[in-house]
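# A closer look at the structure
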Amino acid sequence: MLRKLWSRVKSLLARLFRREPVPGRYEADSRSALRGSLASAPWIWPSREYLVYVPRGHTRWRRVPLVVLIHGCRQKAEDIAEGTRITALADDLGCLVMLPRQNPKANAWGCWNWFDAATVRGWGETPIVAAQVPAVRRKYRIDRKRVFVAGMSAGV
């Protein structure tokens, strides 16, 4: 009788406190950097938006890796995420994915301006993306030793 009562109490508690894993989602934000101005587009504010894919079941209790995935020319952040299926991998591994977005006013083709003279000197868009990483790291408890960067075409 005691076993039967215990199993009922256990199933009741399991139903009350069971949490389904939260599905993966995108969160948008933006970050700027003082050194992010471009010689080819000086009128553009040195700020870029980015998306963060938060995987299914993510909690802030433990530190997780971060993958920074930079899109190529004529792409958007959503395009490279869909083409590489990085969201499925992030759900399996439990890592977060940051997808910086290029401002269409900074480059009409959607390319990152790696060829700009400011970028060669350590300015340009690289400091903007570099400023996005610590912002994401603080907000989502990223393991600072496990930050990986990948890109495609002119996204490298």
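The residue numbering used here restarts from 1 in each chain and proceeds along that chain's sequence as written. Only residues with pLDDT of at least 70 get local features here, since the model is predicted, and only at 80 or more are side-chain atom pairs given and counted; chain-wide, interface and lining totals rely on the full set of residues. Note that the side-chain values use all heavy atoms of the structure and ignore hydrogens as well as water.

## Some details on the state of the cysteines
To keep things clear, this is the line we draw: In this description, a disulfide is simply a cysteine sulfur pair whose atoms lie within 2.5 Å. Every helix listed is a DSSP run of H or I at least four residues long, and every strand listed is a run of E at least two residues long, numbered separately from the N terminus.
One pass over the full model with this rule turns up one disulfide. The partner cysteine of C73 in its disulfide is C111, sulfur to sulfur 1.8 Å. Handedness here is read from the sign of the S-S torsion; for C73 and C111, about 125°, the answer is right-handed. Within this pair, whereas C73 is found in the loop between β3 (64-70) and α2 (77-84), its partner C111 is found in the loop between β4 (96-100) and α4 (117-120), the two being separated by 38 residues in sequence.

## Concerning the sheet that holds strand β5 (residues 142-151)
Where we set the bar: When DSSP finds at least two bridges between two strands, those strands are taken to pair. All axes here are fitted lines through C-alpha atoms, helices being fitted over the stretch that makes contact, and every angle between N-to-C directions spans 0 to 180 degrees.
The five strands lie next to each other as β1-β2-β4-β3-β5, forming an open sheet whose pairing is mixed. Each edge of the open sheet is held by one strand with a lone partner, namely β1 (25-32) and β5. In this sheet, adjacent strand axes meet at a mean angle of 25° when their direction is disregarded. Sheet topology places β3 next to β4; three bridges connect them, and they run parallel. When the bridges of β4 are listed, V67 appears paired with V97.

## Description of the side chain of R48
Selection criterion: Three labels apply to residues, based on accessible area from a 1.4 Å probe with only protein chains included: buried if under 20% of the type maximum, exposed if over 50%, partly exposed otherwise in between. Any pair of N or O atoms that falls within 3.5 Å is considered a polar contact. Within protein, one atom must be able to donate a hydrogen and the other to accept it, and sequence-neighbouring residues count only if both atoms are side-chain atoms. In this analysis, two residues are considered to be in contact whenever any of their non-hydrogen atoms come within 4.5 Å of each other.
With respect to the helices, strands and loops of the structure, R48 is situated in strand β2 (residues 47-54). Look at R48 and you get buried, because its relative accessible area is 2%. In terms of polar contacts, R48 uses its side chain to reach the side chain of Q102, at 3.0 Å. Dropping the residues within four chain positions of it, R48 is found in contact with D29, S30, R31, L38, R101, Q102, N103, A106, W112, E125, I128 and Q132.

## Some words on the pattern of salt bridges
Note the cut-off: By definition here, a salt bridge exists when the distance from a side-chain nitrogen of Lys or Arg to a carboxyl oxygen of Asp or Glu is within 4 Å.
Tallied over the entire structure, the rule returns five salt bridges. Ionic pairing is found between E78 and R101, a salt bridge with its closest N-O pair at 2.4 Å. In this pair, E78 is assigned in helix α2 and R101 in the loop between β4 and α4, connecting sequence segments 23 residues apart. Classification of E78 by relative accessible area gives partly exposed; the value is 34%. Among the residues examined, R101 registers a relative accessible area of 23% and is labelled partly exposed. Three or more residues are tied together by salt bridges with common partners; here these are E49, E78 and R101.

## Describing the packing of aromatic side chains
We count it as follows: Stacked, tilted and edge-to-face are the three classes applied to pairs of Phe, Tyr and Trp rings, where Trp contributes its six-membered ring and a pair requires centres within 6.5 Å; stacked means planes under 30 degrees apart, edge-to-face means over 60, and tilted covers the rest.
Under the criterion given, the structure shown has two aromatic pairs. Geometrically, the ring pair formed by W114 and F115 is edge-to-face, given 5.6 Å between the ring centres and 80° between the ring planes. Judged by relative accessible area, W114 falls into the exposed class, the value being 52%. Judged by relative accessible area, F115 falls into the partly exposed class, the value being 46%.

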